[in-house]
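Structural overview for review
Take a look at the letters that make up each chain.
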Amino acid sequence: MRYTNPVVKGFYPDPSVCFDQSTGKYYMVCSSFQYFPGVPLFESDDLVNWEPIGYVLSKKSQVALADVESSGGVFAPTIRCHDGRFYMVTTNNTTRKHFYVYTDDIHGQWSEPITVDQDGIDPSLMFDGGKTYFISTGVDDDGINGITQCEIDIATGTKLTGSKNIWCGSGGRYPESPHMYKIGDWYYLMIAEGGTEYGHMITCARARSPWGKFESCPHNPILTNRNKAPGIIQGIGHGDLVFDKNGSLHILCLGFRQIDLWMAYHNLGREVFLVPAGIDENGWLYAGSDGICEESYELEGDFSQREKKLYTIDNASAEWRYLRHPDFENYSVGHGKAILRGSSKTLDDTASPTFIGLCQREFCFEMSAELNIDGGEAGLTAYMCESEHYEVALRKIESGFEAICRLNIGGIKHIMNSAEICENKAKLIIRGDNFSYSFFVSQGGREICLGTGQTKYLSSEVSGGFTGVILAMYAVGGNTAEFSGFELKYS
Ligand code: 6LW
């Protein structure tokens with residue numbers, strides 16, 4: 001069958017994948033930064049259709065997120081399956097600590113974190129010959145910056161060796177995202193270089209031992225879209241290698257989609273791409289179409305690519321996102337309703353305002369809900385981070401209630417329009433396409449457009465950082481907001 005990239009759309013960066021021999025299923029994790037729960041987890045039968053099955057770090061004790069900066073917190077994870085146990089290893093970049101958790105039931109709870117004392121980010125594990133290798137970026141014991149490795153006791157996280165540099169990459173900046181694989185007699189080290197922007201790439205080296213000496217692949221980078229122009233798909237890099245059930249190799253990697261061919265902005269975050277890979281007659285890894293990730297590929301198997309087109313309160317539970325450490329007393333979500341109690345925290349704060357949302361997965365969408373408030377402010381937001389977000393909201397004013405459209409760009413706030421409404425309830429709507437978000441209020445079947453904001457100002461190019469837009473319901477002030485009939489629809 002033919003599939004289309006990205007295979008997982010929206011803000012799901014830094015994919016890592018493993019195959020569970022015992023069930024024939026693939027599992028994937030992604031990074032999650034300041035959002036809770038941490039590390040989204042997906043299951044797949046075919047590498048193309050990925051079902052969200054929840055989050056790895058679902059307890060606050062597993063991840064320190066209080067007051068973390070946007071794009072701080074949980075960086076790139078790795079998932080591995082070994083001896084019937086799943087491991088997820090990641091870095092909390094705010095506390096600068098690597099840690100891993102494990103479970104014997106992928107659909108159940110994961111352990112409390114076990115930390116490993118090594119510098120850097122992007123940790124990975126390789127199990128080989130009864131040993132566990134812990135590989136990350138960072139500075140080694142001799143002060144060398146690059147890809148660093150130690151051996152650990154997987155039961156305790158204790159280091160059994162020092163940390164030693166094993167490769168500095170092929171010469172690109174930011175050698176990161178290392179994963180090591182033993183295939184035949186070779187140890188392949190696959191990393192990303194160039195930074196997670198337009199110059200991103202995947203490079204590779206190989207050695208006869210996990211400690212090297214690693215020899216750089218003569219045709220590095222093995223995968224990059226840095227010279228593909230014009231092209232919507234950019235930033236291809238940070239990937240993990242996986243054998244499918246037919247023995248073919250693939251890379252699941254991140255990339256992003258520009259809002260338009262000639263507009264180098266992306267607001268959906270970094271997404272997941274599936275790229276065919278292989279090993280050539282000289283024993284080197286290759287990937288994509290002459291090293292480029294295209295939009296569509298053939299994959300052996302008789303299945304179709306499915307996409308969820310409608311999210312409601314009752315079918316989104318595996319995907320809700322909260323900011324940092326939410327106070328769940330402020331949320332009652334289910335049976336078609338989200339009842340939110342606002343606090344003093346606003347969308348402008350590096351805190352946990354009352355906020356519950358979903359990744360924006362596609363440029364074109366409509367999100368709507370009937371909102372009933374008894375004071376304060378509540379509404380729908382397209383949220384990139386605390387300094388870049390747009391919202392349509394109802395709020396209490398002296399004479400009653402009003403609907404507003406507010407844009408926040410670089411901390412500059414502007415109310416595009418306001419409309420006094422005769423009751424404390426109305427339907428709020430956000431419609432998006434590649435270029436703009438438009439904000440509507442509807443009462444008695446009469447819809448008014450309150451304003452429009454350009455998508456490019458909610459892009460990573462403007463706001464910086466590593467996240468993508470979350471479409472959310474929120475409430476501010478010590479009052480109750482009842483959202484009913486919430487729908488997020490993709491065309
Ligand atoms: C991640 C690094 C990267 O840790 O971006 O794209 C960083 N690659 O490997 C944050 O996602």
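Predicted model only: the values in this text are computed from it and were never measured. (Residues numbered from 1 in each chain as written. Predicted model: local features only at pLDDT ≥ 70, side-chain atom pairs only at ≥ 80, totals over all residues. Heavy atoms only, no water.)

Next up on the list: the overall build of the protein. In terms of helices and strands, the protein carries one helix and 38 strands. Expected size for 491 residues packed as a compact globule is a radius of gyration near 23 Å; at 23 Å, the protein falls within 12% of this value. Counting only C-alpha atoms and orienting by the principal axes, one finds that the protein spans roughly 75 × 45 × 40 Å. Taken over 491 residues, the protein has a buried fraction of 59%. In the protein, the proportion of contacts linking residues at least 24 apart, taken out of those at least 6 apart, comes to 58%. (Helix = DSSP H or I, 4+ residues; strand = E, 2+ residues; numbered from the N terminus. Rg over C-alpha atoms; globule rule 2.2 N^0.38 Å. Buried < 20%, exposed > 50% of the residue type's maximum accessible area, 1.4 Å probe, protein only. Contact = heavy atoms within 4.5 Å.)

Looking now at the site of the ligand. Among the 13 residues in the neighbourhood of the ligand, the closest are listed as Asp14, Asp122, Thr196, His238 and Arg270. In the model, an oxygen atom of the ligand is placed 2.5 Å from a nitrogen or oxygen of the Asp14 side chain. Here Glu176 contributes a side-chain N or O atom positioned 3.3 Å from a nitrogen atom of the ligand. Across the shell around the ligand, the residue classes tally to six nonpolar, three polar and four charged. (Near = heavy atom within 4 Å. Polar contact = N/O pair within 3.5 Å; in protein donor to acceptor, adjacent residues only side chain to side chain. Nonpolar A, V, L, I, M, F, W, Y, C, P; charged D, E, K, R; others polar.)

To continue, consider the sheet that holds strand β12 (residues 131-139). Across the sheet, four strands lie side by side as β11-β12-β13-β14; this open sheet has antiparallel pairing. Every other strand in the sheet has two partners, leaving β11 (124-128) and β14 (164-167) as the edge strands with one partner each. The average undirected angle you get between the axes of adjacent strands in this sheet is 40°. Relative to strand β13 (residues 145-152), β12 is paired through eight bridges, and the arrangement is antiparallel. When the sheet's bridge partners are listed, Ser136 is paired in β13 with Thr148. (Pairing = 2+ DSSP bridges. Axes fitted to C-alpha atoms, helices over the stretch in contact; angles between N-to-C directions.)

Structurally, the position occupied by Ser61 is in the loop between β6 (51-57) and β7 (78-82). In the structure, Ser61 is positioned 52 residues away from Pro113 in sequence and 8.5 Å away in space, judged by C-alpha atoms. Excluding anything up to four places from it in sequence, Ser61 contacts Glu112 and Pro113. Engagement of the side chain of Ser61 in a polar contact is seen with the side chain of Glu112, the distance being 2.9 Å.

You can read the domains of the protein as domain 1 (2-298) and domain 2 (310-490). In this structure, domain 1 and domain 2 have C-alpha centres spaced 32 Å apart. Contact between domain 1 and domain 2 buries roughly 3,500 Å² in total, counting both sides, with carbon and sulfur atoms accounting for 56%. In this structure, the connection of domain 1 to domain 2 is made through two salt bridges. There are 23 residue pairs in polar contact (both at pLDDT 80 or more) connecting domain 1 and domain 2. At the level of elements, β4 (35-36), β5 (38-44), β6 and β20 (249-257) are the ones that each hand at least two residues to the side of domain 1 that touches domain 2. At four residues, β6 tops the list of elements feeding residues into the side of domain 1 that touches domain 2. (Domains from an automatic or database assignment. Buried area = accessible area lost by both parts, 1.4 Å probe. Salt bridge = Lys/Arg side-chain N within 4 Å of Asp/Glu carboxyl O.)

As a further point, take the nonpolar core. With 45 residues, the main nonpolar core has Trp320, Leu380, Tyr437, Met473, Phe483, Phe486 and Leu488 as its most contacted residues. Judged by nonpolar contacts, the second largest core, of 35 residues, contains Tyr3, Val8, Val48 and Leu323. (Core = buried A, V, L, I, M, F, W, Y, C linked by side-chain atoms within 4.5 Å.)

Turning our attention to the pairing of β13. Among the eight residues that make up β13, seven are buried, leaving the element largely enclosed by the rest of the structure. Between the end of β12 and the start of β13, which pair antiparallel, lie five residues, with Gly143 showing a positive phi angle near 85°. By the bridge criterion, three bridges tie β13 to β14 in an arrangement that is antiparallel. For Ile147, the partnering residue across the bridge sits in β14 and is Trp167.

Turning to the pattern of salt bridges, a few remarks are in order. Scanning the entire structure with this criterion turns up 25 salt bridges. The salt bridge involving Glu366 is made with Lys489; its shortest N-O contact spans 4.0 Å. Linking Glu366 in strand β29 (residues 365-373) with Lys489 in strand β38 (residues 480-490), this pair joins segments that are 123 residues apart in sequence. Between Arg406 and Glu391 there is a salt bridge; the shortest N-O distance is 2.8 Å. Of this pair, Arg406 sits in strand β32 (residues 400-409) while Glu391 sits in strand β31 (residues 388-397), placing them 15 residues apart in sequence. Each member of the pair, Arg406 as well as Glu391, carries the same accessibility label: buried. Where salt bridges share partners, they join Lys9, Arg257, Glu271, Glu307, Lys309 and Glu362 into one cluster.

With that settled, consider empty space enclosed by the protein. Enumeration over the complete set of coordinates arrives at one cavity of 30 Å³ or more. Its boundaries defined by the atoms lining it, the largest cavity holds a volume of some 30 Å³. Forming the walls of the largest cavity are Tyr12, Pro40, Leu41, Phe42, Pro52, Gly54, Tyr55, Ala318 and Glu319. Contributing elements (two or more residues each) for the lining of the largest cavity: β5 and β6. Of the residues in the lining of the largest cavity, the class split is seven nonpolar, one polar and one charged. (1 Å grid on protein atoms, 1.4 Å probe; cavity = no way out; pocket = protein on both sides within 12 Å on 5 of 7 lines; lining within 4 Å. Points joined across faces, edges and corners; volume = space filled by probe spheres on them.)

By volume, the largest pocket is sized at about 680 Å³. Lining the largest pocket are 21 residues, with Cys18, Phe19, Arg80, Cys81 and Tyr181 sitting closest to its centre. For the lining of the largest pocket, the secondary-structure elements that each account for two or more residues are β2 (16-20), β7, β11, β15 (176-183) and β19 (233-243). Here the lining of the largest pocket is composed, by residue class, of 13 nonpolar, three polar and five charged.

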